[in-house]
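Spelled out from the first residue to the last, the chains are:
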Amino acid sequence: MNIAVLGAGAWGTALAAQAALRHDVCLWGRDAAQIARMAATRRNDRYLPGVELPDALRFTADFEPCTASAAASGLVIVATPMASLRDMLARVPARARVAWLCKGFESGTGLLGHEVAQALRPQGAAGVLSGPSFAEEVAIGQPTALVAASFDADLRDAMVQAFHGDALRVYTSSDPVGVEVGGAVKNVLAIATGLCDGLAAAGVPGAPGLNARAALVTRGLAEMTRLGVALGARADTFMGLSGLGDLVLTATGHLSRNRKVGLRLAQGVPLAQILAELGHVAEGVYSATTVCRRADALGVEMPISKAVVAVLEGRLAPHEAVAHLMARNARPEQEG
């Protein structure tokens, strides 16, 4: 299969490297100098230091040649942050089968990826590849399970053909709405668990501990499910890889950028400084406000996500956000 991967960040490079073991893969990046260095060194030292890339993987900064053959008979994978998804979908040939890796809501419009695709390519095959996955582990071939979601069965099968292998197990789903909501909301919830873990590590009196983290993950999953169902997703999707699986990984894994944001906020570090230090996009920071806006529009209660927004905006300190959540009235668990 001819595969074009658009975006030479950590996740795009990692997935391209795995697919290049079995397919003809072209990795495109905006930065011609970075692409030239990657081609010369067979490494992406900016995002995946120390990882050797396959000899068969091709690199280019020329968009049209990279996408042409993949659009004709293969697969185009958009591996840019959510902010660039619309631009990438608009540039890809109309006949192409397209899937994206980004997780979040589009800033300004509040749309999920499948909604952006439906607006731009209403007749085109489009989908999302998601699930609990750190790029570093995928790049070095550690076992990982993902979910390929689309309303189009042929595209789901194409994603399996492209990426299922010895180190990657790819399941399929016909519920891209649920898969995308899970991928977007878990980043916001990971900031919340980072806040809790950071307060505990700092020894703040009355700080949340492991009990609170377990409650936060569980109640966060309930928030995620409520929003997803209101947007048309199936409830059972959130018990799968892109829901519970991705939430657990991102909320507890030391490689999670969104969890690191919460940890550093709990230490009193300004948000702007944290984002500058990360060097990568932490999608939860940009998605949190939109998550809450869409929830409000649908009448869905999401207290944890709202507390994260209040901390990000400086309206609540981390310890105040915890106290705010604990002060909520008691109610039946199923009511939120």
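Keep in mind it's a predicted model, so treat the numbers as computed, not measured.

It is worth spelling out the overall build of the chain at this point. When you go through the chain residue by residue, the secondary structure sums to 15 helices and 10 strands. In terms of C-alpha radius of gyration, the chain reaches 20 Å, essentially the compact-globule figure of 20 Å for 336 residues. When the backbone C-alpha atoms are referred to their principal axes, the chain occupies close to 60 × 40 × 35 Å. Here the chain holds 336 residues, and the buried ones make up 54% of them. Contacts in the chain between residues at least 24 apart in sequence constitute 66% of all its contacts with a sequence separation of at least 6. Accessible surface for the chain amounts to roughly 14,000 Å². Of this, 54% is attributable to carbon and sulfur atoms. Between the centroid of the 30 positive side chains of the chain and the centroid of its 30 negative side chains there is a distance of 1 Å.

Applying the stated criterion across every chain yields a total of 14 salt bridges. One salt bridge in this structure joins Lys103 and Asp246, with 2.7 Å as the shortest N-O distance. Taken together, the residues Lys103 in the loop between β7 (98-100) and α5 (113-120) and Asp246 in helix α10 (residues 241-252) connect sequence positions 143 residues apart. The pair Lys103 / Asp246 is uniform in exposure class, with both members buried. Residues Asp197 and Arg213 are paired through a salt bridge, measuring 3.1 Å at the closest nitrogen-oxygen approach. Of the two residues, Asp197 sits in helix α8 (residues 176-201) while Arg213 sits in helix α9 (residues 210-230), which places them 16 residues apart along the sequence.

Moving on to the UniProt feature "domain: Glycerol-3-phosphate dehydrogenase NAD-dependent C-terminal" (unreviewed entry) in the chain. Mapped onto this structure's residue numbering, the UniProt feature "domain: Glycerol-3-phosphate dehydrogenase NAD-dependent C-terminal" (unreviewed entry) falls at residues 175-322. Annotation note: span residues 175-322, helix share 73%, strand share 0%, distance between end C-alpha atoms 33 Å.

Attention now goes to the side chain of Thr237. As for its placement among the helices and strands, Thr237 is situated in the loop between α9 and α10. In this structure Thr237 touches Asp175, Gly178, Val179, Ser242 and Gly243, once residues within four positions along its chain are discounted.

This next bit is on the sheet that holds strand β6 (residues 75-78). The strand order across the open sheet formed by 8 strands is β5-β2-β1-β6-β7-β8-β9-β10, and the pairing between neighbours is mixed. Edge strands, defined here as strands with exactly one partner in the open sheet, are β5 (58-60) and β10 (168-173). Taken pair by pair, the neighbouring strands of this sheet meet at an average axis angle of 25 degrees, ignoring direction. Bridge analysis of strand β2 (residues 24-28) against β5 gives 3 bridges, and the strand direction is parallel. Pairing of Trp28 across the sheet is with Thr60, part of β5. In this fold helix α1 (residues 10-19) packs onto β1 (2-6), β2, β8 (126-130), β9 (144-150) and β10, with an angle of close to 165 degrees to the strand it touches most, β2.

Where helix α13 (residues 283-298) contacts helix α14 (residues 303-312), the two axes come as close as 9 Å, and the packing angle between them is 135 degrees. Considering their axes alone, α13 and α14 lie oblique with respect to each other. For α13 against α14, the interelement crossing comes out left-handed. Of the residues in α14, those touching α13 at Val285, Ala288, Thr289, Val291, Cys292 and Asp296 are Ser305, Lys306, Val308, Val309 and Leu312.

The next point concerns the packing of aromatic side chains. Scanning the model with the defined rule gives 1 aromatic pair in all. Measuring from ring centre to ring centre gives 5.3 Å for Trp28 and Phe63, while their planes differ by 90 degrees; the resulting arrangement is edge-to-face. Of this pair, Trp28 sits in strand β2 while Phe63 is found in helix α3 (residues 63-73), placing the two residues 35 residues apart along the sequence. Its end group placed over the ring of Phe63, Arg91 keeps NZ or CZ at 3.9 Å from the ring centre.

Definitions and cut-offs
Residues numbered from 1 in each chain as written. Predicted model: local features only at pLDDT ≥ 70, side-chain atom pairs only at ≥ 80, totals over all residues. Heavy atoms only, no water. Helix = DSSP H or I, 4+ residues; strand = E, 2+ residues; numbered from the N terminus. Rg over C-alpha atoms; globule rule 2.2 N^0.38 Å. Buried < 20%, exposed > 50% of the residue type's maximum accessible area, 1.4 Å probe, protein only. Contact = heavy atoms within 4.5 Å. Areas by Shrake-Rupley, 256 points an atom, 1.4 Å probe, with all protein chains shown as cover. Lys, Arg positive; Asp, Glu negative; His and termini not counted. Charge placed at Lys NZ, Arg CZ, Asp CG, Glu CD. Salt bridge = Lys/Arg side-chain N within 4 Å of Asp/Glu carboxyl O. UniProt positions renumbered as here; feature names shortened; annotations may be inferred. Pairing = 2+ DSSP bridges. Axes fitted to C-alpha atoms, helices over the stretch in contact; angles between N-to-C directions. Parallel < 35°, antiparallel > 145°, perpendicular 65-115°, else oblique. Left-handed = near helix turned anticlockwise from the far one by under 90°. Phe/Tyr/Trp six-rings, centres within 6.5 Å; stacked < 30°, edge-to-face > 60°. Lys NZ or Arg CZ within 6 Å of the ring centre and 35° of its normal.

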